[in-house]
Amino acid sequence: MKRVLLCQVALALLPVAGSMGATAQSADSPRYTVVDLGPVGPPPGQPYTITGPGLISGEIVLAQSAVSHAFLWKQGYTKDIGNPGLGGPNSSAFGANIWGQVVGQADTKTADPKGEDFCGSKAQALTHSGNTCVPFLWQNGWMIALPRLRNSAGAEGSNGVALRINDLGIAAGTAENGESDSTCPGASVSPQSIAFKPVVWTRLLPWAGARVDELPTLAGDPDGVAYAINNLGQVVGATGTCGPFNTIELNNLTPLHAVLWQSGRAINLGNLGGDGKAFGIFATGLNDYGQVVGASDTAGDANFHGFLWQRGHITDLGTLPGDANSLALAIGNNGLVLGVSLDANFNLRAVLWRNGTPTDLNTLVPANSTLSLQTACSINDRGEIVGFAALKTNPNEFHAYLAKPVSSGD
């Protein structure tokens, strides 16, 4: 089976093939060794983020039971934090910080009152309980549910997802507010019927409960998702309308606008010529210098390309030679942009943009590597990169990988 995963957002897109032809690299391009972190199962199994101390968060899919579990890797140590989780079968660990706090989503034991599939277990052919799926914070071996928004009558929304957490312990994601959403397409198309908003969670004191705060959406957009947060408290994501569960972005949002939230304001980052009604327009990551990356439909919605936004300007990052589409998924504090480049048939390669120039990550690792690197999802301050890869001997078997930069003296 072919697939593409938009890590972070998580992108269970489509297909996967072996790495295509090599591309030219500059003399000062970084080089990497590759560590195979082991199988992650079929979609949506993958790593999502890596912290400065090297803690990797993600999920593995247990193929025989079709259950997804939140999972951690660090220096040869692995931990399944999805068992017992919050009582339901499926969970995902989307983000972590330097203190070992982990956030994500987990099924509960409570039946969803509207029959929704908010976290997409059914859409992704996972074992589906029909229960609510809530945002969680995991630390010191304990997983707790984070609050959702409340409607005008004070009733709490049923579902939500925490996607990232910064080193101050502030998390970002999305949560239902308990109000009906008129932009949802209807039961014949999607079970989603409740509005969901971009949010942040904070704890003013270590022993206090978490507080959830709604972020504003752009005018005319009822729904939104906050995908990433930096250590300055800037948040990026997307706003738009309700739609069917998207197995690329792993949510129910039709993303019409890429957004930066700062100082209480929602800032429209612009686009690359499209209207967001094909693949979409959204911001996926940012660094501590306020540089933002994401993806946008191009003119006429013909294709989608990764972008870099900085100082009020959006730049099309393009693709690897011969490819049609790309996604920028993360940006390090060193300015290195990570993502994936796809040809017209959605075959993909992990890509790095350095000073605006794309390079196939597979050309920067030893040629005898057993892995074909498909995505580059996250980078830490040591320059270490994580993503998912396919075995060269079996392109239908997917593994997590860690790429470590090689110093010039090595």
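All values derive from a computational prediction rather than experimental measurement. (Residues numbered from 1 in each chain as written. Predicted model: local features only at pLDDT ≥ 70, side-chain atom pairs only at ≥ 80, totals over all residues. Heavy atoms only, no water.)

**Structural notes on the overall build of the chain**
Across its full length, the chain holds zero helices and 29 strands. In terms of overall size, the chain behaves like a compact globule, its C-alpha atoms giving a radius of gyration of 19 Å where 410 residues would be expected to give roughly 22 Å. Structurally, the chain occupies a C-alpha span of about 60 × 45 × 45 Å along its principal axes. Scored against the burial criterion, the 410 residues of the chain give a buried share of 59%. Restricting the contact set of the chain to residue pairs at least 6 apart, pairs at least 24 apart contribute 53%. When the accessible surface of the chain is summed, it comes to about 15500 Å², and 53% of that surface belongs to carbon and sulfur atoms. Measuring between centres, the 22 positive side-chain charges of the chain sit 5 Å from its 30 negative side-chain charges. (Helix = DSSP H or I, 4+ residues; strand = E, 2+ residues; numbered from the N terminus. Rg over C-alpha atoms; globule rule 2.2 N^0.38 Å. Buried < 20%, exposed > 50% of the residue type's maximum accessible area, 1.4 Å probe, protein only. Contact = heavy atoms within 4.5 Å. Areas by Shrake-Rupley, 256 points an atom, 1.4 Å probe, with all protein chains shown as cover. Lys, Arg positive; Asp, Glu negative; His and termini not counted. Charge placed at Lys NZ, Arg CZ, Asp CG, Glu CD.)

**Notes on the packing of aromatic side chains**
Both the distance between ring centres and the angle between the ring planes are used here to describe each pair of aromatic rings. Counting across every chain of the model gives eight aromatic pairs. On the basis of an interplanar angle of 25 degrees and a centroid distance of 6.3 Å, the ring pair of Phe 304 and Phe 346 is categorised as stacked. Placement of Phe 304 in strand β20 (residues 304–310) and of Phe 346 in the loop between β23 (337–342) and β24 (348–354) is noted, with a sequence separation of 42 residues between them. With a relative accessible area of 6%, Phe 304 lands in the buried category. Exposure remark for Phe 346: the relative accessible area of 21% places this residue in the partly exposed category. Taken together, the ring pairs connect Tyr 227, Phe 279, Phe 282, Phe 304 and Phe 346 into an aromatic cluster. (Phe/Tyr/Trp six-rings, centres within 6.5 Å; stacked < 30°, edge-to-face > 60°.)

**Brief notes about the side chain of Thr 363**
Secondary-structure assignment places Thr 363 in the loop between β25 (357–360) and β26 (371–373). With a relative accessible area of 14%, Thr 363 lands in the buried category. From its side chain, Thr 363 meets the backbone oxygen of Asp 360 in a polar contact 2.7 Å long. (Polar contact = N/O pair within 3.5 Å; in protein donor to acceptor, adjacent residues only side chain to side chain.)

**Comments concerning the environment of Thr 217**
Along the chain, Thr 217 falls in the loop between β13 (211–214) and β14 (223–229). For Thr 217, a relative accessible area of 23% gives the class partly exposed. Considered as a pair, Thr 217 and Gly 104 are 113 residues apart in the sequence and their alpha carbons are 22 Å apart. Once residues within four sequence positions are removed from consideration, Thr 217 is found in contact with Pro 198, Pro 222, Asp 223, Gly 224 and Thr 239. In this structure the side chain of Thr 217 is engaged in a polar contact, spanning 2.6 Å, whose partner is the backbone oxygen of Asp 221.

**Regarding the pattern of salt bridges**
On inspection of all chains with the given rule, the structure shows five salt bridges. A salt bridge links Arg 148 to Glu 156; the shortest N-O distance between them is 3.7 Å. Exposure remark for Glu 156: the relative accessible area of 31% places this residue in the partly exposed category. Close ionic contact of Arg 349 with Asp 323 constitutes a salt bridge, the shortest N to O distance being 3.1 Å. Taken together, the residues span a long stretch of sequence, with Arg 349 in strand β24 and Asp 323 in the loop between β21 (313–318) and β22 (325–331) at a distance of 26 residues. (Salt bridge = Lys/Arg side-chain N within 4 Å of Asp/Glu carboxyl O.)

**A look at the sheet that holds strand β11 (residues 171–180)**
Ordered in space as β10-β11-β12-β13, the four strands form an open sheet in which the pairing is antiparallel. Edge strands, defined here as strands with exactly one partner in the open sheet, are β10 (160–165) and β13. Sheet twist, expressed as the average angle between the axes of neighbouring strands with direction ignored, equals 35 degrees. As paired strands, β10 and β11 are joined by five bridges and run antiparallel to one another. From the neighbouring strand, Val 161 faces β11, where its bridge partner is Thr 174. (Pairing = 2+ DSSP bridges. Axes fitted to C-alpha atoms, helices over the stretch in contact; angles between N-to-C directions.)

**Considering unusual backbone geometry**
For the bond from Pro 43 to Pro 44, the omega torsion is 10 degrees, close enough to zero to count as cis. Backbone torsion omega between Asn 83 and Pro 84 reads 10 degrees, so that peptide bond is classified as cis. Among the secondary structure elements, Pro 84 is positioned in the loop between β5 (77–80) and β6 (87–96). The backbone phi angle of Arg 311 is positive, close to 50 degrees, even though this residue is not glycine. With respect to the helices, strands and loops of the structure, Arg 311 is situated in the loop between β20 and β21. Positioned with a positive phi, Phe 346 is a non-glycine residue whose angle comes to about 65 degrees.

**Here's the deal with the state of the cysteines**
Taken as a whole, this structure holds two disulfides when the rule is applied. What pairs with Cys 119 in a disulfide is Cys 133, and their sulfur atoms sit 2.0 Å apart. Here the S-S torsion is close to -85 degrees, and the disulfide linking Cys 119 with Cys 133 is therefore left-handed. Taken together, the positions of Cys 119 in the loop between β7 (102–111) and β8 (131–139) and Cys 133 in strand β8 put the pair 14 residues apart, joining distant regions of the chain. Taking relative accessible area as the criterion, Cys 119 reaches 6% and is therefore assigned buried. We classify Cys 133 as buried; its relative accessible area is 3%. Between the sulfur of Cys 184 and that of Cys 242 lies a disulfide, 2.1 Å long from S to S. (Disulfide = S-S within 2.5 Å.)

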